[in-house]
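# Commentary on secondary and tertiary structure
If you want the building blocks of each chain, they are given just below.
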Amino acid sequence: MIDVAIVQQSLPALLRGTVVTLEIAGLSGLIGILLGTILGILHAGKIKPIRWLITAYVTLVRGTPMLIQITIAFYVLPQIGIALPAFWAAICAIGFNSAAYVSQIIKAGIGSVGHGQIEAAYVLGLSRMQTLRYIILPQAFQVVLPALGNELITLVKDSSLASVIGVVELTKEGSLIRSRTFDYFTLYAMIAVIYLIITSTLSIVVNTLEQRMNRHVKN
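Now for a quick tour of the structure. None of these values were measured; they are calculated from a predicted model. (Residues numbered from 1 in each chain as written. Predicted model: local features only at pLDDT ≥ 70, side-chain atom pairs only at ≥ 80, totals over all residues. Heavy atoms only, no water.)

### Some words on the overall build of the chain
Within the chain one finds eight helices and zero strands. Of the regular secondary structure in the chain, the N- to C-terminal order runs α-α-α-α-α-α-α-α. Projecting the C-alpha coordinates of the chain onto the three principal axes gives extents of approximately 70 × 50 × 20 Å. Sorting the 219 residues of the chain into buried and exposed places 37% on the buried side. Long-range pairs, those at least 24 residues apart, make up 78% of the contacts in the chain with a sequence separation of at least 6. Approximately 12,500 Å² of the chain is accessible, and the part contributed by carbon and sulfur atoms is 68%. Here the chain carries 15 positive and 9 negative side-chain charges, and the mean point of each set is 13 Å from the other. (Helix = DSSP H or I, 4+ residues; strand = E, 2+ residues; numbered from the N terminus. Buried < 20%, exposed > 50% of the residue type's maximum accessible area, 1.4 Å probe, protein only. Contact = heavy atoms within 4.5 Å. Areas by Shrake-Rupley, 256 points an atom, 1.4 Å probe, with all protein chains shown as cover. Lys, Arg positive; Asp, Glu negative; His and termini not counted. Charge placed at Lys NZ, Arg CZ, Asp CG, Glu CD.)

In C-alpha cells form, the structure reads like this:
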C-alpha cells in the first residue's frame, strides 16, 4: 500500500524532478517544432536532393531507438570534439528526434492545403514566402495541431530516458528515493500520477486551442 509518510518526504524532491522533466520536454519540443517545421517545408518542396537528404534523416532517426540517440549524444559526440552536459545532450537528442516526426506532420499539413488557394495567392501577387507565411502555414498548423499536441505529450514521457545519462529528472529522482526507501509501489505510483497530471493538462490545453481555432474558422 501507499506509505503516506514517504509521500510527504518525497514530494519536494519529485517536484524538483518534475521541473527538470518539463524543461527537457519544453526545450526539446521547441527544437522539434522549429527544426521540424523547416524540414517539413523543405520536404514538401520540389528540390529532390534536399528531399532525399531529409528522407534519409527521418528514416535514420525514426528507425533507431531514442535511447541509443541520447547515448550517442552524450558518450560518442565528445570523441569528435562536441562535448555537451548531460542535460543539454538529452535535450538535443530528444529535440532532433522530435524534429523528424514533426517534419512529417508539417509536411502532411502543407499537403492538406488546396492548390487552388496557393494559385490564387500567386495571382494576387503574393510571393512564395508570403504565401507560405499567410496562406499555407496557418492552415497547416490548424490541421496538425492535435498531432503536434500528441508529440509534445510523448516528449514528456520520453524525457524519462534522460535518466540513462545521469540527468536527475522525475523518473531518476524517484529511483534515487526508491533506492533509499525500498518502497517501489509508493514511489512509482507517485511518479505515474505526476506524469498523468502533466499529460492530462497538456491534452486539455491542446483540445481547448483546437476548439478555439475551429470556432474562429466557423465565425
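### A closer look at the side chain of Thr 18
Note on placement: Thr 18 falls in helix 1 (residues 4-43). Thr 18 gets classed as buried once you look at its relative accessible area, which sits at 9%. Excluding anything up to four places from it in sequence, Thr 18 contacts Leu 170, Ile 194 and Ile 198.

### Some details on the packing of aromatic side chains
All chains considered together, the criterion is met by three aromatic pairs. Ring geometry for Phe 74 against Tyr 75: centres 4.9 Å apart, planes inclined by 75°, an arrangement best described as edge-to-face. For the ring pair Tyr 184 and Tyr 188, a centre distance of 6.4 Å and an interplane angle of 35° mean the geometry is tilted. Separated by four residues within a single helix, Tyr 184 and Tyr 188 lie in helix 8 (residues 184-218), roughly one turn from each other. Its relative accessible area of 34% is what places Tyr 188 among the partly exposed residues. (Phe/Tyr/Trp six-rings, centres within 6.5 Å; stacked < 30°, edge-to-face > 60°.)

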